[in-house]
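Here are the chains, one letter per residue:
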There are 4 protein chains.
Amino acid sequence: MSQKHASRRSTSISRIAEIRRQDLIEAAINCIAKVGYGDVTVQTICHAAGVSRGLIGHYFKGKDELLLEAVRQVTTELGNATKLAAQDAGDNPTAKLHALIDASFSPPGFTAEKVAVWTALASNAHWSPELALLYKELWRDYRYAVAHLVERAAQESTREVNPERVALTFSTLIEGLWIGWLADPESVTREAAKEACRDYLDAVLRS
Amino acid sequence: MSQKHASRRSTSISRIAEIRRQDLIEAAINCIAKVGYGDVTVQTICHAAGVSRGLIGHYFKGKDELLLEAVRQVTTELGNATKLAAQDAGDNPTAKLHALIDASFSPPGFTAEKVAVWTALASNAHWSPELALLYKELWRDYRYAVAHLVERAAQESTREVNPERVALTFSTLIEGLWIGWLADPESVTREAAKEACRDYLDAVLRS
Amino acid sequence: MSQKHASRRSTSISRIAEIRRQDLIEAAINCIAKVGYGDVTVQTICHAAGVSRGLIGHYFKGKDELLLEAVRQVTTELGNATKLAAQDAGDNPTAKLHALIDASFSPPGFTAEKVAVWTALASNAHWSPELALLYKELWRDYRYAVAHLVERAAQESTREVNPERVALTFSTLIEGLWIGWLADPESVTREAAKEACRDYLDAVLRS
Amino acid sequence: MSQKHASRRSTSISRIAEIRRQDLIEAAINCIAKVGYGDVTVQTICHAAGVSRGLIGHYFKGKDELLLEAVRQVTTELGNATKLAAQDAGDNPTAKLHALIDASFSPPGFTAEKVAVWTALASNAHWSPELALLYKELWRDYRYAVAHLVERAAQESTREVNPERVALTFSTLIEGLWIGWLADPESVTREAAKEACRDYLDAVLRS
DNA sequence: AATGAATGAGTCTTCATTCAT
DNA sequence: AATGAATGAAGACTCATTCAT
């Protein structure tokens, strides 16, 4: 009984802690999207999270760690949404690739917040070892999977393709469209982005 | 004689002013590339330019104006390099497009400094009206020209292409490769970037 | 019990905030008196208050707001001292006017700090909308009350007086004596100031 | 001949110098009136004078000296205007005193610029030895003269007056009205100021 | 666990002054 | 004589972090 109590209390405590962490992370994500990665402040985040300024120190080493965590979470969610979309697309590799395109420019993977955070990740990786590492690993895995799909899809085609290069182009195009959409949403609408990706894929894979 | 003297003196004075402005702009560009757009400080820039901190106020309204000017200069130089490359490529539209690709990933258009500044421009446009305006105008003009080239190039092909969409994809791919190269130079080498662009162009334009 | 605790804590917290605000305001007042309104710095004030420079931002929007608050407090205290003196003087309007004179050149209404701050108020109102507004309202109310007293006092006299004009002269004379005392204390002693005011009042009100 | 030339040249040079000094002094006066004593900058003054920033060093030790010179000039002009008015008023001491009142609130003695500068003088004397000295001497002489006039005027009256005290009150009232007019021109019009002074004088001197 | 008071380093900006031309 | 380029000190303000409660 007392054990149960203790464990229950500890669970509830850590649960609260986890909730607070999550609150702060989400607040950080929203703030990045709202004011830009470079203009996010601890005060901004804590205000958005509805907690006091000092609380950040209880759950994170500092502002940088919180921001890194926020980026990590966004990228994880993006990855999950992508994987899920691919899984739901059945066995056909071409269909899977098209599902990736769809998922890349549709919620929940594609949202203003996620794109803003991703843009922050991509554009700051060069000066931040942590972000750089995260960035490289994410694309490496993604490109590996895409290359595999392209390879399979290309077998149906008579054309000769370089799967790695196509994967690089494909992923870069998606990232470019994200960043372009953020900077100038009028020129890069979601539909236009999808069509651009589809066009590319069709051109590369058609016989 | 005295007129000549006066004019000579006034010229040399304004020349000094122009030189200092240029020094500061170049220092700003180098600083952006060195420490990142968000971490550039007045001190950093002035130290890089070899002048005192207060001098920035003599030639610019403030830090923001200097940074904007730096971005403007880089984009102008990039645009010039691009136009020059296209001009030198002769009349063939396809050749011109390939020249654009080459120029986009070769000095002097393509340098670490320029890519860093462009990345700053693209990733901050969403939160800065000035940068947003600059960004939109640059790509609008670029895409207009590329679309025209694509249209002409496509006439030789039997395929049906949407010049505007191709121009969007083309420009986005280049920008994505720039940003990707900055974030992870190992994955996106210059050659790989060029080949990715060429691949795309060939795939789209081939009959 | 827990409510009492909570309320006590919240009280003590807000009390600290109020104390700090008051500390800073008083330090500001002392600094104005010590170095002059134009030479007061944030550093000066915070040093005088025994706190760090950054603290000013916690309790005030900035230096200007703190200075305005300091002026406001001094004028309020001056007004209170004046009203209290008038109240204590009984019903006789002439006695009340003489009480005003006494209070105007005796502590706690009349101190070096208060006079310095008032001088700052009067001499800067022309270029500061906030100070101008404060200044006008203070004198308007004061003159209104004095005019009323003069009117009543004049009924005992056979002379004809213009209460508003007397009130203006009276208040201006007091202010002039304050400023004159600050600039040259040897020429305008407290006693001389009082006698000057009494002289004026007697001359105007005597039959 | 050559001597004449040299002397003429030196004269014309020093005349230019004198003109420049005067330009700067007048510009300083205008700036004090325009932006306030505390907000005057070297740049402001030199711009108003139509000369370059560095020129101030050629004619004055620094900003402080120029400002002091500006104050000195204004007070001199004020004194001259006052003396002239008294002289023009004939021999009657009462008439002279009324002439002083008139001159105190009429151009050229009374202008916005002069009042602004005088207010700066009075309100800063406490923290500036130079201004304090100037201030004291000016009023000392003025009060001495006024006391003399009051003494003579009082001989016509049956009342007993303290000339020094009246002179103090008189001068303080004028100063107070100047400062009050600057701070709140609506409450202290020129006419009201004159009438206040006349009222006081009449009340004190009437039998 | 949570607050917010407090700090102090860091940033931009202003400005009087100096000096080479 | 005059300019304006250049400096560097000093100012106000922001902000991440620490810590007592």
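Everything quoted here is computed from the prediction, not taken from an experiment.

**Q** So what's going on with the protein's contact with DNA strand F? Which residues, and what values?
**A** Near DNA strand F, the surroundings consist of 31 residues, among which A:Val42, B:Arg20, B:Ser52, B:Tyr59 and D:Tyr59 are the closest. When atoms of DNA strand F within 4 Å of the protein are split into backbone and base, the sugar-phosphate part holds 70%. Here a phosphate oxygen of DNA strand F sits 2.5 Å away from a polar atom, N or O, in the side chain of B:Arg20. Those elements that place two or more of their residues in the surface near DNA strand F are α1 (2-35) and α3 (56-59) of chain B, α2 (42-49) of chain C together with α1 (2-35) and α3 (56-59) of chain D. Its residues assigned to classes, the surface near DNA strand F shows 14 nonpolar, 13 polar and four charged.

**Q** Could you give an account of the relation of the copies chain A and chain B, with specific residues and numbers?
**A** Of the two same-sequence chains, chain A is brought onto chain B (RMSD 0.1 Å, axial shift 0.0 Å) by a rotation of 180 degrees. In the structure described here, the two chain copies are related by an operation that fits a two-fold rotation axis. Taking the C-alpha atom as reference, chain A places A:Gly176 closest to the rotation axis, 2.1 Å from it. When the interface residues of chain A are mapped onto chain B, 100% of them are again interface residues, pointing to one common binding face.

**Q** Requested: an account of the pattern of salt bridges, with residues and values cited.
**A** Counted according to the given criterion, the structure contains 32 salt bridges over all chains. Between A:Arg198 and A:Asp102 there is a salt bridge whose closest N-O contact spans 3.3 Å. Linking A:Arg198 in helix α9 (residues 190-205) with A:Asp102 in helix α5 (residues 93-104), this pair joins segments that are 96 residues apart in sequence. Given the relative accessible area of 24%, A:Arg198 is considered partly exposed. A salt bridge links C:Arg72 to C:Glu69, with the nearest nitrogen and oxygen atoms 3.9 Å apart. With C:Arg72 and C:Glu69 both in helix α4 (residues 63-88) and three residues apart, this pair spans about one turn of that helix.

**Q** Tell me about the protein's contact with DNA strand E, and please be specific about residues and values.
**A** The environment of DNA strand E is made up of 31 residues, and the closest members are A:His58, A:Tyr59, C:Arg20, C:Ser52 and C:Tyr59. For DNA strand E, the backbone portion of the atoms within 4 Å of the protein, that is sugar and phosphate, comes to 69%. One nitrogen or oxygen atom from the side chain of A:Arg20 is found 3.0 Å from a phosphate oxygen belonging to DNA strand E. The contact in question runs from a phosphate oxygen of DNA strand E to an N or O atom on the backbone of A:Ser52, over 3.1 Å. Of all the elements in the fold, those that place two or more residues in the surface near DNA strand E are α1 (2-35) and α3 (56-59) of chain A, α2 (42-49) of chain B together with α1 (2-35) and α3 (56-59) of chain C.

**Q** If you had to explain the interface of chain D and chain C to someone new, which residues and values would you point to?
**A** Counting residues at the interface gives 39 residues for chain D, matched by 39 residues for chain C. Where chain D abuts chain C, roughly 3300 Å² becomes buried across the two surfaces, and 63% of that area is made up of carbon and sulfur atoms. Across the contact surface, chain D and chain C share four salt bridges. C:Glu195 is the salt-bridge partner of D:Arg165, the closest N and O atoms lying 2.7 Å from each other.

**Q** Run through the environment of A:Asp64, naming residues and quoting values.
**A** Along the chain, the position of A:Asp64 falls in helix α4 (residues 63-88). The sequence separation of A:Asp64 and A:Val42 amounts to 22 residues, and the corresponding C-alpha distance is 9.8 Å.

**Q** Got a sec to walk through the interface of chain A and chain B? Specific residues and values, please.
**A** The interface is formed by 39 residues belonging to chain A together with 39 residues belonging to chain B. Both faces combined, the contact of chain A with chain B buries some 3300 Å², and carbon together with sulfur accounts for 63% of it. By the criterion of area lost to chain B, the three top residues of chain A are A:Trp127, A:Arg165 and A:Arg206, representing 18% of everything that side buries. Our enumeration of links across chain A and chain B arrives at four salt bridges. Counting every contact that joins chain A to chain B gives 12 residue pairs in polar contact (both at pLDDT 80 or more). When contributions to the side of chain A that touches chain B are tallied by element, the ones reaching two or more residues are α1, α6 (112-124), α7 (129-155), α8 (163-183) and α9 of chain A. In terms of residues, the side of chain A that touches chain B owes the most to one element, α8(A), which gives 12 residues. Residue classes in the side of chain A that touches chain B are distributed as 20 nonpolar, nine polar and 10 charged.

**Q** Summarise the packing of helix α6 (residues 112-124) of chain C against helix α7 (residues 129-155) of chain C; cite the residues concerned and give the values.
**A** Residues and elements named next belong to chain C. Running from N to C, α6 and α7 cross one another at 110 degrees; their axes reach a closest spacing of 8 Å. Judged by the inter-axis angle, α6 sits roughly perpendicular to α7. Read as a crossing pair, α6 and α7 show a hand that is left-handed. Across from Trp118, Leu121, Ala122 and Asn124 in α6, the residues of α7 making contact are Leu131, Leu134, Tyr135, Leu138 and Trp139.

**Q** Go over α4(A) with me, naming the residues and quoting the values.
**A** Helix length check: α4(A), at 26 residues, gives a terminal C-alpha distance of 38 Å against a target of 38 Å (1.5 Å per residue), a fit within 8%. Two residues or fewer past α4(A), A:Gly90 is found with a positive phi of approximately 85 degrees.

**Q** Give me the lowdown on the packing of aromatic side chains, citing residues and values where you can.
**A** To describe a pair of aromatic rings, you give the distance between the ring centres and the angle between the ring planes. Tallied over the full model, the rule gives 30 aromatic pairs over all chains. Look at D:Trp118 and D:Tyr135: their rings are 6.2 Å apart centre to centre, the planes differ by 45 degrees, and that puts the pair in the tilted class. Taken together, the positions of D:Trp118 in helix α6 (residues 112-124) and D:Tyr135 in helix α7 (residues 129-156) put the pair 17 residues apart, joining distant regions of the chain. For the pair D:Trp118 and D:Tyr135, one class covers both residues: buried. Taking the centre distance of 5.5 Å and the plane angle of 70 degrees together, the rings of D:Trp118 and D:Trp178 count as edge-to-face. One end of the pair, D:Trp118, is in helix α6; the other, D:Trp178, is in helix α8 (residues 163-183), with 60 residues separating them in the sequence. A relative accessible area of 4% places D:Trp118 in the buried class. Chaining the aromatic ring pairs together yields one cluster made of A:Trp118, A:Tyr135, A:Trp139, A:Tyr142 and A:Trp178.

**Q** Lay out the side chain of D:Ser106 in plain terms, naming residues and giving numbers.
**A** Positionally, D:Ser106 belongs in the loop between α5 (93-104) and α6. In this structure the side chain of D:Ser106 is engaged in a polar contact, spanning 2.9 Å, whose partner is the side chain of D:Lys194.

Parameters and conventions
- Residues numbered from 1 in each chain as written.
- Chains lettered and ligands numbered in written order.
- Predicted model: local features only at pLDDT ≥ 70, side-chain atom pairs only at ≥ 80, totals over all residues.
- Heavy atoms only, no water.
- Near = heavy atom within 4 Å.
- Polar contact = N/O pair within 3.5 Å; in protein donor to acceptor, adjacent residues only side chain to side chain.
- Helix = DSSP H or I, 4+ residues; strand = E, 2+ residues; numbered from the N terminus.
- Nonpolar A, V, L, I, M, F, W, Y, C, P; charged D, E, K, R; others polar.
- Least-squares fit on C-alpha atoms with pLDDT ≥ 70 in both.
- Contact = heavy atoms within 4.5 Å.
- Salt bridge = Lys/Arg side-chain N within 4 Å of Asp/Glu carboxyl O.
- Buried < 20%, exposed > 50% of the residue type's maximum accessible area, 1.4 Å probe, protein only.
- Buried area = accessible area lost by both parts, 1.4 Å probe.
- Axes fitted to C-alpha atoms, helices over the stretch in contact; angles between N-to-C directions.
- Parallel < 35°, antiparallel > 145°, perpendicular 65-115°, else oblique.
- Left-handed = near helix turned anticlockwise from the far one by under 90°.
- Expected span 1.5 Å × (residues − 1).
- Phe/Tyr/Trp six-rings, centres within 6.5 Å; stacked < 30°, edge-to-face > 60°.

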